[in-house]
Amino acid sequence: MTDDSAVRVVLLLPDVLGTYSDRGNATVLVQRLRMGGMPAEVMEVSAQETAPTSGDVYVLGGGEDAAQAYAVQWLRGQPALLTTMRTTQVLAVCAGMQVLGDWMQDSDGRRTTGAGVLDLTTSAGPRRAVGEVLAECTDRDVQTLTGFENHRGRTYLGPGVPPLGRVLSGTGNGDGADGVLTANVVGTYLHGPVLARNPTLADFLLRRATGQALSALEVPDQEAARRLHLGGARRRRLRSVLRRS
Ligand code: GLN
């Protein structure tokens, strides 16, 4: 049964773009809302279904090249969904971000037309970027982002399109930036799931989706996990600087 007052988090294609556990982002959003006293529900939309246009937040995850080629055809076959995704809040991770762009080119040079929701393109880089990432978010309310990446694509933002953050360690888009931040889309290369690792990013997204600020939460285990990831990434960064000197 659906509750009309509930905030609707729509998880798109968990059966196709589900390789990196990014479905956890939808779980985090819904649990965070409930902990803040707001009714919320997840609607999962698989490849056999048509997506609703009544969502408050749409969530897309990462996947392999073949899976994302399928995902982009699926998206392009749902014009009403694409219209909604041009104005409603979206979280798009890795392949999920790439498919929303104008086009993407895989390592064999095959170019696929994207869903055209974002002014960005993706080409295959020289090698796979795999490992932990740290990025400074462009929004000051969001703490330093941590996550892991696993992708070959390098993403180029159109002129004037702002990234989500500046990479402190790792690869991200490939040019020192990570992701994209438009009025309604948060895109990133970070898995984790990124919202489980970065609760302030979840709150940022929900503030934009609901127009309300949720009261701060203290989750000691999550804080401890953040300190661990931040410390590990900073130590690796220091070691690589020392190796180069
Ligand atoms: N297949 C894409 C790439 O390698 C996306 C991978 C991912 O979603 N982690 O760039």
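Computed from a predicted model, the values in this text were never measured in an experiment. (Residues numbered from 1 in each chain as written. Predicted model: local features only at pLDDT ≥ 70, side-chain atom pairs only at ≥ 80, totals over all residues. Heavy atoms only, no water.)

### Structural notes on the sheet that holds strand E11 (residues 180-181)
Our working rule: Pairing between two strands requires that DSSP report at least two bridges joining them. In DSSP terms, a helix is any run of H or I states spanning at least four residues, a strand is any run of E spanning at least two, and both are numbered starting from the N terminus. We call two residues contacting when some pair of their heavy atoms lies within 4.5 Å. To obtain an axis, a line is fitted to C-alpha atoms, over the contacting stretch when the element is a helix, and the angle between two such axes runs from 0 to 180 degrees between their N-to-C directions.
As summarised here, the arrangement of the six strands in space is E2-E1-E3-E4-E12-E11, forming an open sheet in which the pairing is mixed. Edge positions in the open sheet fall to strand E2 (40-45) and E11, since each of these has one partner strand only. For strand E1 (residues 7-12) and strand E3 (residues 57-60), the ladder comprises three bridges, and the chain directions are parallel. Bridged to Leu11 within E3 is Val59. Set on the sheet, helix H1 (residues 24-35) makes contact with E1, E2, E3 and strand E4 (89-93); between it and E2 the angle comes to about 160 degrees.

### Things to note about the layout of surface pockets
Put simply, the test is: Residues are called lining when one of their atoms sits within 4 Å of a cavity or pocket point, these points coming from a 1 Å grid over the protein atoms alone, where a cavity is a set in which a 1.4 Å probe fits but cannot get out and a pocket is an open set with protein on both sides within 12 Å along at least five of seven lines. Grid points are joined across faces, edges and corners, and a volume is the space filled by probe spheres set on the points. Three residue categories are used. Nonpolar comprises Ala, Val, Leu, Ile, Met, Phe, Trp, Tyr, Cys and Pro, charged comprises Asp, Glu, Lys and Arg, and polar comprises the others, including Gly.
The computed volume of the largest pocket comes to approximately 490 Å³. Within the residue set of the lining of the largest pocket, elements represented by two or more residues are H1, helix H6 (199-210) and helix H7 (220-244). No other element matches the five residues that H6 contributes to the lining of the largest pocket. For the lining of the largest pocket, the class distribution of residues is eleven nonpolar, four polar and five charged.

### Regarding the environment of Val16
Turning to its location among the elements, Val16 is positioned in the loop between E1 and H1. The spatial distance from the C-alpha of Val16 to the C-alpha of Tyr70 is 8.0 Å, given a sequence separation of 54 residues. Not counting residues within four places of it along the chain, the set of residues in contact with Val16 comprises Ala47, Ala67, Tyr70 and Ala71.

### A few points about the pairing of strand E12 (residues 185-188)
Under the convention used in this document: Only protein chains enter the calculation, and the probe is 1.4 Å; a residue is then buried if its accessible area is under 20% of its type maximum, exposed if over 50%, and partly exposed in between.
Alternating residues of E12 divide into Val185 and Gly187 and Val186 and Thr188, and every residue in both groups is buried. Where E4 and E12 come together, four bridges link them in parallel fashion. Each residue of the ladder has a partner; that of Ala92, found in E12, is Gly187. As judged from the two bridges shared by E11 and E12, these two strands associate in the antiparallel manner. Paired with Val180 across the bridge in E12 is Gly187. If you look at the hairpin formed by E11 and E12, you'll find three residues sitting between the two strands.

### Observations regarding the pattern of salt bridges
Our working rule: The working definition used for a salt bridge is a side-chain nitrogen of Lys or Arg within 4 Å of a carboxyl oxygen of Asp or Glu.
What the rule picks out here adds up to seven salt bridges. A salt bridge links Glu44 to Arg23, with the nearest nitrogen and oxygen atoms 2.4 Å apart. Pair noted here: Glu44 is in strand E2 and Arg23 is in the loop between E1 and H1, with a separation of 21 residues, a long-range link. On the accessibility criterion, Arg23 (40% relative accessible area) is partly exposed.

### Details of helix H2 (residues 65-76)
Rule in force here: To estimate the expected span of a helix, subtract one from its residue number and multiply by 1.5 Å. By definition, the arc is the one covered by directions from the helix axis to the C-beta atoms.
For H2, with twelve residues, the first-to-last C-alpha span of 17 Å sits near the 16 Å given by 1.5 Å per residue. Looking only at H2, the buried set comprises Ala67, Gln68, Ala71, Val72, Trp74 and Leu75. Projected onto a plane normal to the axis of H2, the buried residues spread over an arc of 160 degrees and lie on a single side. On its buried face, H2 is in contact with E1, E2, helix H3 (79-85), helix H4 (95-98), strand E5 (103-105) and strand E6 (111-113).

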